[in-house]
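# Observations on the three-dimensional arrangement
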Amino acid sequence: MDLQNTSNRIVVLDTETTGMNKLGVHYEGHRIIEIGAVEVVNRRLTGRNFHVYLKPDRLVDPEAFGVHGISDEFLADKPTFAEVADDFIEYIRGGELVIHNATFDIGFMDYEFDMLGRNLPKTETFCKITDSLAMARKLFPGKRNNLDALSDRYLIDNSKRTLHGALLDSEILAEVYLMMTGGQTSIKFTHEGEQNTGADGLGIQRVARPASGLKVIAANEQELAWHEERLDLVVKKGGSCLWRS
């Protein structure tokens with residue numbers, strides 16, 4: 001598998017499981033039945049995805065089936081986790097894992113690694129782990145921060161998400177994460193005659209042009225309307241708009 005071993009390689013990951021325990025350790029006795037992951041390098045989706053369904057050697061809980069719709073019959077001929085473990089570890093090794101509610105998925109992953117009986121280390125020892133749910137709670141305290149709510153907040157199309165699916169959820173989460181971490185660059189303008197110094201140490205001089213040589217083109221009514229629509233979108237996404245301050 002040809003992966004880019006770069007420090008900015010991000011793997012956005014999600015799993016589906018046979019269920020979870022409401023009391024005690026949430027993963028104990030349950031298994032992963034689907035892994036979906038997408039690769040992001042330099043803030044771009046590369047298309048090098050990892051997606052597999054797994055035979056859990058136990059029944060899927062009815063409550064879990066209602067969430068993801070993955071049946072015991074569908075999983076009967078799928079590989080086991082042990083059969084895909086090496087490829088999975090190779091795919092995620094050294095990357096930054098972005099997971100929504102990471103404690104849930106990492107708990108299951110480490111549980112599966114432990115059951116292999118190969119003394120494999122915890123995932124956190126060979127991957128950086130970022131919990132996008134914790135990030136969202138800091139950005140939007142007191143608001144709903146599940147994947148559907150965040151998709152609506154960032155105007156991301158999730159209409160195909162009628163059931164939870166690991167690969168589709170990873171693709172949506174990748175878009176959400178890029179929106180959450182995109183930020184807005186502050187642009188500062190200098191006055192006539194002032195000089196800025198760039199990163200290369202060279203002076204950058206603003207060029208003064210005579211006003212008589214500039215043609216002024218005013219926006220028409222349609223363009224003004226489009227501008228207002230764009231400002232409405234800025235307010236909806238960011239909560240405020242400098243142009244309307």
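In the block above lies the structure referred to throughout.
A few points on the structure. Just so it is clear, the model here is predicted, and its values are computed rather than measured.

Below, the discussion takes up the pattern of salt bridges. Scanning the model with the defined rule gives seven salt bridges in all. In this structure, the salt-bridge partner of Glu-112 is Arg-31, at a minimum N-O distance of 2.9 Å. Placement of the pair is Glu-112 in helix α4 (residues 102–115) and Arg-31 in the loop between β1 (9–17) and β2 (32–41), with a sequence separation of 81 residues. On the basis of relative accessible area, Glu-112 is assigned to the buried category, the value being 2%. Residue Glu-39 is joined to Arg-48 by a salt bridge in which the shortest nitrogen-to-oxygen separation is 2.7 Å. For Arg-48, a relative accessible area of 28% corresponds to the partly exposed category. The network of salt bridges with shared partners includes Arg-9, Glu-39 and Arg-48.

Across all of its chains, the model carries eleven aromatic pairs by this definition. Ring centres of Phe-81 and Phe-113 lie 5.7 Å apart, and the angle between their planes is 55°; this geometry places the pair in the tilted category. Remark: Phe-113 occurs in helix α4 and Phe-81 occurs in helix α3 (residues 81–92); sequence separation between them is 32 residues. Judged by its relative accessible area of 2%, Phe-81 is buried. With a centroid separation of 6.0 Å and an interplanar angle of 70°, the aromatic rings of Phe-140 and Tyr-154 are classed as edge-to-face.

Definitions and limits used
- Residues numbered from 1 in each chain as written.
- Predicted model: local features only at pLDDT ≥ 70, side-chain atom pairs only at ≥ 80, totals over all residues.
- Heavy atoms only, no water.
- Salt bridge = Lys/Arg side-chain N within 4 Å of Asp/Glu carboxyl O.
- Helix = DSSP H or I, 4+ residues; strand = E, 2+ residues; numbered from the N terminus.
- Buried < 20%, exposed > 50% of the residue type's maximum accessible area, 1.4 Å probe, protein only.
- Phe/Tyr/Trp six-rings, centres within 6.5 Å; stacked < 30°, edge-to-face > 60°.

The analysis is restricted to geometry; functional conclusions fall outside its scope.
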